[in-house]
Amino acid sequence: MNISACLKSPAQLRRLSRALLLGTAYLVSLMAMTARAAEVPDTNAPSPLTTIAAVRGLSTETARRKLPVRVEAVVTFHDPIGSYLFVQDETAGIYVYNAQPAGIKLPTGQFVRLTGTTWHGEFAPVIADPTVEVLGMRPLPPPRPVTAEGLQTGSLDGQWVELSGIVNSLSVYGANQSLEINVAGLVENFTAHVPGFTTNTARPDWLVDARVRIRGTAGTVFNKQRQALGFQMFVPALDALDVVRPAPADPFAAPARPIRALLQFEASTPPGHRFKVAGTVTLRWNDRQIYLQDESGGVSVELSAPCTAQPGDRVEVVGFPKAGNFSPKLRYAVWRKIGDGPPVVAARRTPKEVRKGEADSQLVQLEGVLASGANQDTRRVLTLQDGDWSFEAHLKTNLVTRALTALQPGSRLRVTGVCEVQMSEREKPSGFRLLLRSPGDVVLLAAPPWWTVPRALAVLGLVTLAGGGLLLFFSQRVSWLQRKYSRLFANASDLVYVLDPQGRVTALNRAGEKITGHTFAEARGRPFAEWVAPEHRETFQAWWNAVLAGGQPPNPEVNLKTREGGEVVLEISGRLLRRRGQPVEVEGIARDITARKQAEAQRLLMERRMLDSQKLESIGVLAGGIAHDFNNLLTAILGNASLAALATPASSAQRTYLQNIEKTSSQAADLCKQLLAYSGRGRFIIQRLDLNAVIEDMRQLLQLSISKKAVLEIDAAPKLPAVEADPTQIRQVLMNMVINASEALGDKNGSIRIRTGLQHADAASLAGAYPSGDLPPGPYVFFDVTDTGCGMDGETISRIFDPFFTTKFTGRGLGLAAVSGIVRAHLGALRITSEPGRGSTFRVLLPSCEAPADPIAPPVPASPKWRGSGTVLLADDEAAVRAVTSQMLKSFGFDVLPAVNGQEAITLFREHAGKIVAVILDLTMPHLSGEEALAEIRARQPDARVLVVSGFSDQDTLKRVGAQVGNNFLAKPFKPDELREKMQALLAVAGNGEKSTAAASARR
């Protein structure tokens, strides 16, 4: 749509242009004014949260709003170097982010008061940027015993807890100066962090293999969906750790046990402690991983220190048994050499035997035919085949020789290595690989055969001439090839078929049975064309005729009906076979391209949505910019007209003309508000609303706005959650939709029904909503406006939200466009259901809010006529706006310091800060914007009273400046009464709650 043409065509803009010319002619000779009464708005700041449980219970979206927090709690862990602080009160525990003052150590048991804000944290709500006030010392709360249920739900996060387990390993991280203790407790290992250690501090290695009881703060590891994935502890010092059962003085003093006894139940052995085995090293895979084997079996060992043992050395190993891929393994192990033992003889096995898993971690010897060889990362991987079984042999690339890389596929090899069995999801062996020690573990048994198909045919031709004895061998060879190609036919992933000249099925592979849903027995003798969808049979028949004629037509795409009633899209190809010049059959392949077509359709849909979104965004930016400039012009026109009207006697004829200018300018301002609403830049004062209360409050106004022949019905759902929205904008949406429904009824009797409710919208239900785009699934509060009017067809529905599109008379059509802009700015959606002659239903969906609705503030009584005093700094880059606003301020009793941009405003504020009682800033100015100027003024004088004005409301900007100016915002255009009202509210009360000495005095 061409928005420039739209802005020139409607009647509103023609009347606006005439009003601008008429207003400019009258404003030259008009001056002076009188004052009117104004109301003082009231704002309520949210109360701070006083318990940690209240903070932890917030949703991510609510915590992101930075709600105030003021809690008293005990410090359970503090590490100033690692920036970790946990506190706990009587309700819960929590992590504290960016505490002030930083770098000061808070001892465990310190009782503190935290004054800060909420934040969503990385995984759960936290207290952010608090000021810490030390109140004294208090005893720590009794530690909560850790349970498996508490770990799975994450409910212990931030709590002072106690847990028993066996220490597996120790390590010190110099950067964080902390001791990391790996402990086996409950169902899996966890890490306990103890601050105050460096790489130069002696480690308490005597804790390894000891059963300990640890007290500390629980730290649960969550994913983005706040699901508990793991567990860790933050321990303030080693004195919070008690040894329940000390570790053996000599880990090698216990007798060695068979490897096969790992993780087997034995009542006499305490569970979880270290396990000693002795055996011969069969493979050193790296400095910290070896494979060990004794008479009972083999095991993989992960060492806590580098190992120098070589294959063939006999060693003792003491480590913690853990479950491996298929067999147990030892972790965090220590070792010592005990001598040279007899070499381990590799057991001769077949791949079928090894796949059972009994040879896991043992040295075995296999034979197979080399299928391929390639480098993967740091390994040379050989793939071997033995009958129906295949396996891989891995060798480190730094050991590979030229002879090994020269091996050709088809070579028969003998390989020796340590077996590593993989386990399936059902905990059964699913495959294996061999880990080779050296190139000598690969032995070439036979070179690849020289047979190829051309050679075989040549030899076969010669042998055919030699005698009938070799004819038998030839027939056997042909039979083998037939079986081979039969397997290819049966196992092909595409639909492979054979049709006779009449188009009847004579062969169908397994993929064809799966795609069509018909077995070959059911399909034999049936015409293939019967499966083709009716709308594509003509295309298929044309292709079939061309194939029978001996041609090679392009491969068509046709829809095929399956036995279950569904449809698949096939790309069909085929060739005609002749015998003695006569057509015998057609062999063909049909590829299932359903998924590809669906992906293309989805891509086109996404591109179309993106283009629609870009079009709406560009039109909205243009409409918002035009409305902003018009608002600046209307501010001067409306302000001067109001001033002139107040200075003119009521009996004067000019008073009527000035009132006409005010009325026309107000209508133009309403049109600008609709343009701003469509562009998503209208002013929003977000509150938590009860939609039922808003609709009930508007009942009488709605009844007066609709046709006398229409019946208004309201069906409100009970206990409706609140929504975060601007009440004025929501009222505009409801009013526009009800008026539109009334106009759809025309002169006929009918009903208009408003219904509210709660809907859990999924991705499918939101896909067809307007505006197009990705909205998150979840709970949405909705209200429907349903009429029994004329209804709409699909073409009208597709254009109903375009600016200035209307089915009414010329000059209408911006109402629903404004509705779409308001809903889009509230992160909501619109759904329309309508048929010609059967009425329409408009549904507005808004995200629900967990917090309750804000109470409705009672109306504030009007104050007497008011005048002020002092100097006001006024910054606006529009000369006309600056002039009329200055006249208004002077009429209130103020002196005015005008500034043409933000930089000049900062300069004047520095020079006259002592006598300036208030500042008025335009948001959009050159050199330095209103937002930047406000930051400079606040940095110099935090309690400065500032009123922000703008021709449109940039929501992101208002969110940033809202914390500093609160409700002190005034939208252009404005009248003197509205400016007086804002100035009276701005200067009424100082920051300490008493009357400010700089505030204006009320006068009769």
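The residue numbering used here restarts from 1 in each chain and proceeds along that chain's sequence as written. Local features are withheld for residues below a pLDDT of 70 in this predicted model, meaning they are given only at 70 or higher, and side-chain atom pairs are given and counted only at 80 or more; totals for whole chains, interfaces and linings count all residues. Heavy atoms throughout the structure, all of them, feed into the side-chain values; hydrogens and water do not.

Here's the deal with the pattern of salt bridges
The line we're drawing: When a carboxyl oxygen of Asp or Glu lies within 4 Å of a side-chain nitrogen of Lys or Arg, that pair is called a salt bridge. By definition, any uninterrupted DSSP run of H or I lasting at least four residues is a helix, any uninterrupted run of E lasting at least two residues is a strand, and each is numbered from the N terminus. Between buried and exposed lies partly exposed: a residue is buried under 20% and exposed over 50% of the maximum accessible area for its type, with that area taken using a 1.4 Å probe on protein chains only.
In this structure the tally under the stated criterion is 36 salt bridges. Among the ionic pairs, Arg-331 bridges to Glu-302, the shortest N-O distance being 3.5 Å. Residue Arg-331 is located in strand 17 (residues 328-340), and its partner Glu-302 is located in strand 15 (residues 298-303); the two are separated by 29 residues in the primary sequence. Since its relative accessible area comes to 25%, Arg-331 is described here as partly exposed.

Things to note about the sheet that holds strand 1 (residues 68-79)
Heads up, the condition is: Pairing between strands is defined by DSSP: at least two bridges between the two strands are required. Axis definition: a line fitted to C-alpha atoms, over the contacting stretch in the case of helices. Angles run 0 to 180 degrees between N-to-C directions.
In spatial order, the strands read 1-2-3-5-4; together these five strands close into a barrel with mixed pairing. Between one strand and the next, the sheet's axes are offset by a mean angle of 50 degrees, whatever the strand orientation. Here strand 2 (residues 84-88) runs beside strand 3 (residues 93-97); their pairing, made up of three bridges, is antiparallel. Note on strand 3: the bridge partner recorded for Gln-88 is Gly-93.

Quick word on the nonpolar core
In plain terms, the rule: Joining through side-chain atoms within 4.5 Å is the link that ties buried Ala, Val, Leu, Ile, Met, Phe, Trp, Tyr and Cys residues into a set, and such a set is a nonpolar core. Note on definitions: a residue-residue contact is assigned when non-hydrogen atoms from the two residues lie within 4.5 Å.
Residues Leu-734, Phe-783 and Val-785 are the most contacted members of the largest nonpolar core, which totals 36 residues. Those elements that provide at least two residues to this core are helix 15 (691-697), strand 31 (710-715), strand 32 (722-725), helix 17 (727-745), strand 33 (750-761), strand 34 (778-787), helix 20 (815-825) and strand 36 (840-849). Here this core gets eight residues from one element, more than from any other, and that element is helix 17. With sequence-adjacent residues up to four places away left out, Phe-783 is seen in contact with Leu-691, Ile-695, Val-733, Leu-734, Met-737, Arg-755, Thr-756, Phe-842, Arg-843 and Val-844. In this structure, Val-161, Val-183, Leu-207 and Ala-218 belong to the second largest nonpolar core, which totals 30 residues.

Here's the deal with the confidence of the model for the protein chain
Definition in use: Known as pLDDT, the predictor's confidence for each residue is given on a scale from 0 to 100.
For the protein chain, per-residue confidence averages 80 on the pLDDT scale, and 78% of positions sit at 70 or higher. Confidence drops under a pLDDT of 50 for residues 1-14, and excluding neighbours within four residues, the segment shows 19 contacts in the predicted structure. Confidence drops under pLDDT 50 across residues 809-813; counting only partners more than four residues distant or on other chains, this segment forms ten contacts.

Here we look at the sheet that holds strand 26 (residues 505-508)
Read from one edge to the other, the open sheet built from five strands follows the order 26-25-29-28-27, with strand pairing classed as antiparallel. Of all the strands in the sheet, the pair left with one neighbour each is strand 26 and strand 27 (557-561). Across this sheet, the average inter-strand angle for adjacent strands is 35 degrees, counted without regard to direction. In the sheet, strand 25 (residues 495-499) pairs with strand 26 via three bridges, with the strands oriented antiparallel. Its bridge partner lying in strand 26, Tyr-497 is registered against Leu-508. Along the sheet, helix 12 (residues 537-548) contacts strand 25, strand 27, strand 28 (567-579) and strand 29 (582-592); its crossing angle with strand 28, the most-contacted strand, is approximately 20 degrees.

Focus on helix 17
Quick note on the threshold: Expected span of a helix, by definition, is 1.5 Å for each gap between consecutive residues, and there is one gap fewer than residues. Think of a polar contact as two N or O atoms within 3.5 Å of one another; within protein, one of them needs to be a possible hydrogen donor and the other a possible acceptor, and neighboring residues in sequence only count if both atoms come from side chains.
Taking 1.5 Å per residue as the helical rise, helix 17 with its 19 residues ought to reach 27 Å, and the 27 Å between its terminal C-alpha atoms agrees with that figure. The residue sitting at the N-terminus of helix 17 and contributing the capping side-chain oxygen is Asp-726; that oxygen lies 2.8 Å from the backbone nitrogen of Thr-728. Remark: Gly-746 follows helix 17 within two positions and exhibits a positive phi of approximately 65 degrees.

Overview of the pairing of strand 7 (residues 160-173)
Burial analysis of strand 7 places ten of its 14 residues in the buried class, which makes it a mostly covered element. In this sheet, strand 7 lies alongside strand 6 (residues 144-145) in parallel orientation, the contact comprising two bridges. The residue bridging Pro-145 from the neighbouring strand is Glu-162, located in strand 7. Where strand 7 lies against strand 10 (residues 211-222), seven bridges are found, and the strand directions are antiparallel. Its bridge partner lying in strand 10, Ile-166 is registered against Arg-211. Pairing analysis gives seven bridges linking strand 7 to strand 8 (residues 178-185), with the strands arranged antiparallel. Its bridge partner being in strand 8, Ser-169 is matched across the sheet by Asn-182.

Some thoughts on the packing of helix 22 (residues 902-911) against helix 23 (residues 930-940)
Worth spelling out the cut-off: Oblique is the label for every angle not falling under 35 degrees (roughly parallel), over 145 degrees (roughly antiparallel), or within 65 to 115 degrees (roughly perpendicular). Crossing handedness is read from the near helix: turned anticlockwise from the far helix by less than a right angle, it gives a left-handed crossing, and turned clockwise, a right-handed one. Amino acid classes used here: Ala, Val, Leu, Ile, Met, Phe, Trp, Tyr, Cys and Pro are nonpolar; Asp, Glu, Lys and Arg are charged; the rest, including Gly, are polar.
In contact at an axis separation of 9 Å, helix 22 and helix 23 are set at 15 degrees when each is read in the N-to-C sense. Classed by the angle they form, the pair helix 22 and helix 23 counts as roughly parallel. Between helix 22 and helix 23 lies a crossing of right-handed hand. In this structure, helix 22 uses Gly-902, Ile-906, Phe-909 and Arg-910 to contact helix 23, whose residues at the interface are Ala-933, Glu-936, Ile-937 and Arg-940. Of the residues belonging to the contact of helix 22 with helix 23, the class tally is four nonpolar, one polar and three charged.

Section: helix 12
The periodicity of an α-helix, 3.6 residues per turn, causes residues three or four places apart in sequence to face the same way. Selection rule: Read the arc as the range of directions from the helix axis to the C-beta atoms.
If you check helix 12, its first and last C-alpha atoms are 16 Å apart, about what twelve residues at 1.5 Å a residue would give, namely 16 Å. Of all the positions in helix 12, only Phe-540, Trp-543, Trp-544 and Val-547 are classed as buried. Seen from one end, helix 12 has its buried residues packed into an arc of 100 degrees, which puts them on one side. On its buried face, helix 12 is in contact with strand 25, strand 27, strand 28 and strand 29. Following helix 12 by one or two positions, Gly-550 has its phi on the positive side, about 90 degrees.

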